[in-house]
Amino acid sequence: MCLILDTNRYGLFLDPNNEDMKPVRKWVDDKSGKIAYSPVGKMKIELEKSPNVRSRFEQYSRAGKLRTFPVEAVEQQRDRLPILRSDDPDIIALAQVSGVKLLVSNDENLHSDFKAIIRGKIYQTSAHKRLLRNDLCP
């Protein structure tokens with residue numbers, strides 16, 4: 001089971017006081033959860049800006065909790081996308097390349113694109129923690 005973490009949620013994901021992200025962290029840290037990632041576009045920029053997130057992703061990678069997908073595959077898929085409402089074509093392309101159908105995000109425009117193109121599920125708050133039990137990962 002895996003998810004895609006919207007770049008604007010990286011910092012909140014690491015915040016131990018963020019009640020909405022606690023179930024996601026627990027799922028990744030203590031259970032079978034994994035994060036799909038590709039070092040492309042905003043995902044790469046945001047990861048490089050935050051040493052704490054970068055360090056956590058490196059730990060996840062060593063533990064087999066970070067599934068990294070090739071930049072070239074994500075970029076090629078991104079270039080085939082229709083016009084989106086959101087400014088996150090790399091996330092949509094990563095979902096297509098990885099087959100991941102669970103997105104952690106608060107971006108309504110990205111939600112719209114993700115639901116329309118990926119037909120996936122959106123985790124926004126701890127009220128959605130039931131999604132972390134479903135197998136939405138290929």
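What comes next is a walk through the structure. (Residues numbered from 1 in each chain as written. Predicted model: local features only at pLDDT ≥ 70, side-chain atom pairs only at ≥ 80, totals over all residues. Heavy atoms only, no water.)

Examining the overall build of the chain
Consideration 1: Each helix and strand in the chain was counted, giving 7 helices and 5 strands.
Consideration 2: Going from N to C terminus, the chain has its helices and strands arranged as β-α-α-β-α-α-β-α-α-β-α-β.
Consideration 3: Against the globule reference of 14 Å for 138 residues, the chain gives a C-alpha radius of gyration of 14 Å, in line with a compact fold.
Consideration 4: Each of the three principal axes of the chain carries a C-alpha extent, and together these read 35 × 30 × 25 Å.
Consideration 5: Buried residues in the chain amount to 46% of all 138 residues.
Consideration 6: Relative to all contacts within the chain whose residues are 6 or more apart in sequence, the contacts with residues 24 or more apart total 62%.
Consideration 7: Accessible area of the chain: about 7000 Å², with a carbon and sulfur share of 45%. (Helix = DSSP H or I, 4+ residues; strand = E, 2+ residues; numbered from the N terminus. Rg over C-alpha atoms; globule rule 2.2 N^0.38 Å. Buried < 20%, exposed > 50% of the residue type's maximum accessible area, 1.4 Å probe, protein only. Contact = heavy atoms within 4.5 Å. Areas by Shrake-Rupley, 256 points an atom, 1.4 Å probe, with all protein chains shown as cover.)

A look at the packing of aromatic side chains
Consideration 1: By the definition in use, this model includes 3 aromatic pairs.
Consideration 2: An angle of 65° between the planes, with centres 5.4 Å apart, marks the rings of Y10 and F57 as edge-to-face. With a gap of 47 residues between them, Y10 in helix α1 (residues 10-14) and F57 in helix α4 (residues 51-62) connect regions that are remote in the sequence.
Consideration 3: Using a relative accessible area of 4% as the deciding quantity, one classes Y10 as buried.
Consideration 4: Classification of F57 by relative accessible area gives buried; the value is 4%.
Consideration 5: Relative to F57, the ring of Y37 lies with its centre 5.6 Å away and its plane at 80°, an arrangement referred to as edge-to-face. Here F57 lies in helix α4 and Y37 lies in strand β2 (residues 34-37), a separation of 20 residues in the sequence. Each member of the pair Y37 and F57 is classed as buried. (Phe/Tyr/Trp six-rings, centres within 6.5 Å; stacked < 30°, edge-to-face > 60°.)

Notes on the environment of I117
Consideration 1: Residue placement: I117 occurs in helix α7 (residues 108-118).
Consideration 2: The exposure class assigned to I117 is partly exposed, which follows from its relative accessible area of 29%.
Consideration 3: C-alpha separation for the pair I117 and A73, spaced 44 residues apart in sequence, amounts to 17 Å.
Consideration 4: Beyond its immediate chain neighbours, meaning those up to four positions away, I117 contacts P82, L84, I92 and Q96.

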